[in-house]
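Listed below are the residues making up each chain.
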Amino acid sequence: DNYYRICSVNENANAKKIQTDSKNNLQQQQFEIKNEGIQILFKSYKGSFLFQQTFLLVFTVRYILFNLILVLLFEHPLVQIILIVILNLGMLGFLFYKRPFKLIILLVQQITFELLLLVVNFSYMIRACLDANGQEKINVRDNISELIITINILYPFLPIIFLGFR
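These numbers were taken from a predicted model, which means no experiment stands behind them.

Considerations on helix 5 (residues 77-98)
In step 1: Given a rise of 1.5 Å per residue, 22 residues ought to cover 32 Å, and the 31 Å separating the end C-alpha atoms of helix 5 matches this to within 8%.
In step 2: Residues Gln 80, Ile 81, Ile 84, Val 85, Leu 87, Asn 88, Met 91, Leu 92, Phe 94 and Leu 95 constitute the buried set of helix 5.
In step 3: Where helix 5 ends, the next residue or the one after it, Arg 99, has phi of about 45°, a positive value.

The structure is reproduced here in structure tokens:
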């Protein structure tokens, strides 16, 4: 089933590549009608590059890796958070480099979420470094905790704010 979806996304990419005349435009419309049930996999993504249209796959793989890191490295919090920050930076790099969304507001929304996650992840990395070095620094820990709590309060409201811009 996933193979079919990936092939459909690839087929859509090929249809978009050759969309220069009206015959090819008709081919694009036929493809969209034929695959109406799975348009979520390709409708919001731009371009003719399969790599841009596989954002959903990249996003899913990233969360699978995130969960594997949490489960397999639970005894090594510093290694965990370093790998999670690398995943976060990789996703940000993907978003900035490939810009996979048609609408700029969707790209800005995803980048905003990733940046907030990066701030939280860096905060946890600071805490993990303090723990690894055996340093208490209560003031630093309190400030980091307040930052994380503030972001957790703000985070659920961001989709509503971005929905207003659409």
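Still more ground to cover, so stick around.
Side note on the packing of aromatic side chains
Given two aromatic rings, one states the distance between the centres and the angle between the planes to describe the pair.
In step 1: Across all of its chains, the model carries four aromatic pairs by this definition.
In step 2: Between the aromatic rings of Phe 59 and Tyr 63, the centroid separation amounts to 5.0 Å while the plane-to-plane angle is 70°, which identifies the pairing as edge-to-face. Within this pair, Phe 59 and its partner Tyr 63 are both found in helix 4 (residues 55-72), separated by four residues, close to a single helical turn.
In step 3: Overall, Tyr 63 belongs to the partly exposed group, its relative accessible area being 32%.
In step 4: Linked through ring pairs, Phe 59, Tyr 63 and Phe 66 together constitute an aromatic cluster.
In step 5: The lysine or arginine in question, Arg 62, covers the ring of Tyr 63, its NZ or CZ lying 5.1 Å from the ring centre.

Focus: the packing of helix 6 (residues 104-133) against helix 7 (residues 138-154)
In step 1: Where helix 6 meets helix 7, the closest approach of the two axes is 10 Å, and the angle between their N-to-C directions is 155°. If you check the angle between helix 6 and helix 7, you find them roughly antiparallel. Crossing of helix 6 over helix 7 shows left-handed handedness. The segment helix 6 lies against helix 7, with Leu 116, Val 119, Val 120, Ser 123, Tyr 124, Ile 126, Arg 127, Leu 130 and Asp 131 engaging Val 140, Arg 141, Ile 144, Ser 145, Leu 147, Ile 148 and Ile 151.

Regarding the nonpolar core
In step 1: With 17 residues, the main nonpolar core has Phe 55, Ile 81, Leu 95 and Phe 101 as its most contacted residues.
In step 2: Looking at this core, the elements that each hand over two or more residues are helix 4, helix 5 and helix 6.
In step 3: In terms of residues, this core owes the most to one element, helix 5, which gives eight residues.
In step 4: By size, the runner-up hydrophobic cluster in this structure holds nine residues, among which are Ile 105, Phe 113, Ile 144 and Ile 151.

A few points about the packing of helix 4 against helix 6
In step 1: Here helix 4 crosses helix 6 at 15°, and the two axes come no closer than 15 Å. Comparing their axes, helix 6 and helix 4 come out roughly parallel. Between helix 4 and helix 6 the crossing geometry is left-handed. Counting all contacts with helix 4, which are made through Phe 55, Phe 59, Arg 62 and Tyr 63, the residues of helix 6 involved are Gln 110, Glu 114 and Leu 117.
In step 2: Looking at side-chain class alone, the contact of helix 4 with helix 6 contains four nonpolar, one polar and two charged residues.

Overview of the pattern of salt bridges
Once the charged atoms of two side chains with opposite charge are near each other, the side chains can pair.
In step 1: The final tally for this structure, using the stated rule, is two salt bridges.
In step 2: One salt bridge connects Glu 114 with Arg 62, and the closest N-O pair in it is separated by 2.7 Å. Within this pair, whereas Glu 114 is found in helix 6, its partner Arg 62 is found in helix 4, the two being separated by 52 residues in sequence. Summarising the burial analysis for this pair, Glu 114 and Arg 62 share the class buried.
In step 3: For Arg 141, the salt bridge is made with Asp 131, and the minimal N-O distance between the two is 2.6 Å. One end of the pair, Arg 141, is in helix 7; the other, Asp 131, is in helix 6, and 10 residues separate them in sequence.

Thresholds, definitions, all that
Residues numbered from 1 in each chain as written. Predicted model: local features only at pLDDT ≥ 70, side-chain atom pairs only at ≥ 80, totals over all residues. Heavy atoms only, no water. Helix = DSSP H or I, 4+ residues; strand = E, 2+ residues; numbered from the N terminus. Expected span 1.5 Å × (residues − 1). Buried < 20%, exposed > 50% of the residue type's maximum accessible area, 1.4 Å probe, protein only. Phe/Tyr/Trp six-rings, centres within 6.5 Å; stacked < 30°, edge-to-face > 60°. Lys NZ or Arg CZ within 6 Å of the ring centre and 35° of its normal. Axes fitted to C-alpha atoms, helices over the stretch in contact; angles between N-to-C directions. Parallel < 35°, antiparallel > 145°, perpendicular 65-115°, else oblique. Left-handed = near helix turned anticlockwise from the far one by under 90°. Contact = heavy atoms within 4.5 Å. Core = buried A, V, L, I, M, F, W, Y, C linked by side-chain atoms within 4.5 Å. Nonpolar A, V, L, I, M, F, W, Y, C, P; charged D, E, K, R; others polar. Salt bridge = Lys/Arg side-chain N within 4 Å of Asp/Glu carboxyl O.

Such coordinate-based values are descriptive only and should not be taken to indicate function.
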